Amino acid sequence: MSTMHAIRVHTYGDVDQLQLEQIPQPEPQEGEVLVRVHAAGVNPLDWKIRSGWMKSIMPVAFPYVPGNEFAGVVERVGPNVSTLRPGQAVFGQSPGGTYAEYCTAPVRTLAPKPTALSFDEAATVPIGATTAWQGLFVAGELQAGQRVLILGASGGVGTFAVQFAHSKGAYVIATTSARNVAFVRSLGADTLIDYIQTRIEDEVHDVDLVFDAVGGEASTCAFSTLKRGGKLITIAGQPDEAQAQARSVSASFFAGHPSADLLGTFACLIDAGQLRTSIAATFPLSEAHKAHELSQSGHGRGRIILRVTEHQDK
Ligand SMILES: NC(=O)c1ccc[n+]([C@@H]2O[C@H](COP(=O)([O-])OP(=O)(O)OC[C@H]3O[C@@H](n4cnc5c(N)ncnc54)[C@H](OP(=O)(O)O)[C@@H]3O)[C@@H](O)[C@H]2O)c1
């Protein structure tokens, strides 16, 4: 049996539950490929699951390999796979864990990697860009000329949300801390709000859509920025229904769905120079605990990456 290095979690707990182990490689099933993972994205959901915070909503079977997004190279294809071949560089999502040298993934959640990006850069894209696109345009129905407020604009989802909303022709108001203001402006934000110095409810009004990637108090405060009939789409917790009703606006939680077609669209935009990625920090697989500590801090600029292989060609 072939084995691989992987991070596994055996019980809910702190970052020291992220153990580097030698375990069997997974086998690709019908409609799946086996991928040699070069880089994995580290999402806040990963530490929320590890700590047990999500156990009533998303229970896990122990031991499990954390992580959902990756970039790598197809090693082998499973039965009835004709769209991908061994040796092809891909990026996408896997339900089976990506903090590992190999993962399996259904072809419907993968696409050829953008040629302009390294594997590290490509691993920043799948969850952040998919959630931003679907949250803005499917759930939020954002139109050209509308005003959108993006909370958490410098994060792994927000960096894509700002770029998509700007390219749609919306007026983009974005919240971030002072150290990320210039960066978020360069992504296409029209108005920047430093969330530490300024109360958004004092500065922002008549917004058609709030795209909330922060949750909690930031989400609650954003209700008063909406115009009557506006929408709040949050990806970070349950919205305050009572506020929504009192202000005659709608509010809903949204979760992104993996899509090979959307990944293909992102790859085209990236290779055409129309979509940028940002890496907050890179850690080797053996330092997954440091990556989780940083993710739990809630601050950064783009997506944290675990580099699984040291040699990375584009
Ligand atoms: N529903 C879904 O499908 C889905 C998908 C992906 C993520 N999520 C959730 O969405 C949230 C964001 O995810 P992410 O991957 O973008 O997280 P992330 O990359 O960890 O985002 C951190 C960013 O949030 C900013 N931030 C922190 N507090 C803020 C505040 N009060 N106001 C404005 N910005 C603030 C930080 O900026 P500074 O460094 O400048 O402080 C940092 O850039 C998480 O809760 C995650 O679990 C949900």
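A quick note: this is a predicted structure, and the numbers were derived from the prediction, not measured. (Residues numbered from 1 in each chain as written. Predicted model: local features only at pLDDT ≥ 70, side-chain atom pairs only at ≥ 80, totals over all residues. Heavy atoms only, no water.)

1. As for the site of the ligand
At step 1: Of all residues adjacent to the ligand, which total 29 residues, the nearest are Ser154, Gly156, Ser177, Tyr195 and His299.
At step 2: In the model, an oxygen atom of the ligand is placed 2.6 Å from a nitrogen or oxygen of the histidine 299 side chain.
At step 3: Here the ligand, which alone exposes 930 Å², has 85% of that area covered by the protein.
At step 4: Among the residues forming the shell around the ligand, the class breakdown is twelve nonpolar, 14 polar and three charged.
At step 5: Residue contributions to the shell around the ligand reach at least three from each of two domains, namely domain 1 (3-125 + 277-307) and domain 2 (128-253). (Near = heavy atom within 4 Å. Polar contact = N/O pair within 3.5 Å; in protein donor to acceptor, adjacent residues only side chain to side chain. Areas by Shrake-Rupley, 256 points an atom, 1.4 Å probe, with all protein chains shown as cover. Nonpolar A, V, L, I, M, F, W, Y, C, P; charged D, E, K, R; others polar. Domains from an automatic or database assignment.)

2. Quick notes on the pattern of salt bridges
At step 1: Tallying each qualifying case throughout the model produces nine salt bridges.
At step 2: Between glutamate 69 and arginine 303 there is a salt bridge; the shortest N-O distance is 3.3 Å. Note that glutamate 69 is positioned in strand S4 (residues 69-77) and arginine 303 in strand S15 (residues 303-307), a separation of 234 residues in sequence. There is no split in this pair, since glutamate 69 and arginine 303 are both buried.
At step 3: In the salt-bridge network here, residues are joined through shared partners; they are Arg199, Glu201 and Asp202. (Salt bridge = Lys/Arg side-chain N within 4 Å of Asp/Glu carboxyl O. Helix = DSSP H or I, 4+ residues; strand = E, 2+ residues; numbered from the N terminus. Buried < 20%, exposed > 50% of the residue type's maximum accessible area, 1.4 Å probe, protein only.)

3. Considering the UniProt feature "domain: Enoyl reductase (ER)" (unreviewed entry) in the protein chain
At step 1: Within the UniProt annotation, "domain: Enoyl reductase (ER)" (unreviewed entry) is assigned to residues 13-306.
At step 2: Counting secondary structure, residues 13-306 comes out at 28% helix and 28% strand; the distance between its end C-alpha atoms is 20 Å. (UniProt positions renumbered as here; feature names shortened; annotations may be inferred.)

4. Looking at the sheet that holds strand S11 (residues 207-212)
At step 1: Here we have six strands laid out as an open sheet, ordered S10-S9-S8-S11-S12-S13, and parallel in their pairing. Looking at the sheet topology across the chains shown, the edges are occupied by strand S10 (191-194) and strand S13 (250-253). Strand-to-strand twist across the sheet, computed as the mean angle between neighbouring axes with direction ignored, equals 15°.
At step 2: Running over the sheet, helix H3 (residues 126-139) touches strand S8 (147-151), S11 and strand S12 (226-234) and is turned about 150° from S11. (Pairing = 2+ DSSP bridges. Axes fitted to C-alpha atoms, helices over the stretch in contact; angles between N-to-C directions. Contact = heavy atoms within 4.5 Å.)

5. Thoughts on the pairing of strand S14 (residues 279-284)
At step 1: Examined bridge by bridge, S14 and S15 share five bridges and lie parallel to one another. For phenylalanine 283, the partnering residue across the bridge sits in S15 and is leucine 306.
At step 2: In terms of handedness, the path from S14 via helix H10 (residues 288-297) over to S15 forms a crossover that is right-handed. (Right-handed = clockwise from strand over helix to strand, strands pointing away.)

6. So, the domain arrangement of the protein chain
At step 1: By the assigned domains, the protein chain splits into domain 1 (3-125 + 277-307) and domain 2 (128-253).
At step 2: At the junction of the two partners, domain 1 supplies ten residues and domain 2 supplies 13 residues.
At step 3: Of the roughly 880 Å² buried at the junction of domain 1 and domain 2 (both faces included), carbon and sulfur atoms supply 43%.
At step 4: Contact with domain 2 buries area across many residues of domain 1, yet Val125, Arg301 and Arg303 alone supply 47% of it, more than any other trio. (Buried area = accessible area lost by both parts, 1.4 Å probe.)

7. A few points about the packing of helix H1 (residues 44-51) against H10
A pair of packed helices is characterised by two quantities: the angle between their axes and the separation of those axes.
At step 1: Running from amino to carboxyl end, H1 crosses H10 at an angle of 105°, the nearest separation of the two axes being 9 Å. Judged on the interaxial angle alone, H10 and H1 are roughly perpendicular. Residues Pro44, Asp46, Trp47 and Arg50 of H1 form the contact with H10, whose participating residues are His292, Ser295 and Gln296.
At step 2: Here the residues of the contact of H1 with H10 are counted per class, giving two nonpolar, three polar and two charged. (Parallel < 35°, antiparallel > 145°, perpendicular 65-115°, else oblique.)

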